[in-house]
Amino acid sequence: MKFGFSKKQPDEKKQQNYQRVYELHENAKFLCYIDDVYLEPYQGASCVKLEGVVAFGTGTVDDQYILCNCNGVKKADITMQELYVGNDSVQCLEGGDKRVALYPNEQDIAYKAGDLLYQKRD
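Below is a short write-up of the structure. Treat the numbers as computed from the prediction; the structure is a model and nothing was measured.

### Quick look at the pairing of strand β8 (residues 100-104)
Extensive coverage of β8 is indicated by the burial of five of its five residues. By the bridge criterion, three bridges tie strand β2 (residues 45-56) to β8 in an arrangement that is antiparallel. Among the inter-strand pairings, Glu51 is bridged to a residue of β8, identified as Ala101. Across five bridges, strand β5 (residues 74-85) lies against β8 in antiparallel orientation. What sits directly across from Leu83, in β8, is Leu102.

Structural data, given as structure tokens:
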């Protein structure tokens, strides 16, 4: 008895997601993995705080970034208000930086742990 379920379809979708993320890595000049997302109190309100690790490249507080979900699907273009490495405020993040904190200007986006933050090569 067959129920119409196909095992190929999820494998194909998984392969498409893998290919999209692979291409994102190949075409990025900056890449940061977002490990955690918090709402942090700031001047009587809450603001989004992203924490993660910079895989490679250099990104500054003035740059524009692309936010993607874990499958490499673009969610939004974002800019940063502040960047931190550990407890130190910095103007740029570099590949290998750990314990980075990013405070995006855009607060109304559904940020999630597992998101990717990157910049395309020119």
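### A look at the state of the cysteines
When the sulfur atoms of two cysteines share a covalent bond, that bond is a disulfide. Per the counting criterion, the structure on display carries zero disulfides. The thiol of Cys68 is not disulfide-bonded; the next cysteine sulfur, from Cys70, is found 10 Å away. Looking at the unpaired Cys92, the closest cysteine sulfur is the one in Cys32, lying at 13 Å.

### Regarding the nonpolar core
Of all hydrophobic cores here, the largest spans 19 residues; its most connected members are Cys32, Ile78, Met80, Leu93, Leu102, Tyr111 and Leu117. Where this core is concerned, the elements lending two or more residues are β1 (28-42), β2, β4 (64-68), β5 and β8. A per-element tally of this core places β5 first, with four residues. Residues contacting Tyr111, with those up to four places away along its chain left out, are Val37, Val48, Leu50, Leu67, Lys75, Ile78, Pro104 and Glu106. Formed by eight residues, the second largest nonpolar core is a distinct cluster that contains Leu24, Ala28, Leu31 and Leu116.

### Observations concerning the packing of aromatic side chains
Summed over the entire model, instances satisfying the criterion amount to three aromatic pairs. Pairing Tyr84 with Tyr103 gives two aromatic rings, centres 5.8 Å apart and planes at 75 degrees, and the pair type is edge-to-face. With Tyr84 in strand β5 and Tyr103 in strand β8, this residue pair connects regions lying 19 residues apart in the sequence. You can call Tyr103 buried: its relative accessible area is 9%.

Rules used throughout
Residues numbered from 1 in each chain as written. Predicted model: local features only at pLDDT ≥ 70, side-chain atom pairs only at ≥ 80, totals over all residues. Heavy atoms only, no water. Buried < 20%, exposed > 50% of the residue type's maximum accessible area, 1.4 Å probe, protein only. Helix = DSSP H or I, 4+ residues; strand = E, 2+ residues; numbered from the N terminus. Pairing = 2+ DSSP bridges. Disulfide = S-S within 2.5 Å. Core = buried A, V, L, I, M, F, W, Y, C linked by side-chain atoms within 4.5 Å. Contact = heavy atoms within 4.5 Å. Phe/Tyr/Trp six-rings, centres within 6.5 Å; stacked < 30°, edge-to-face > 60°.

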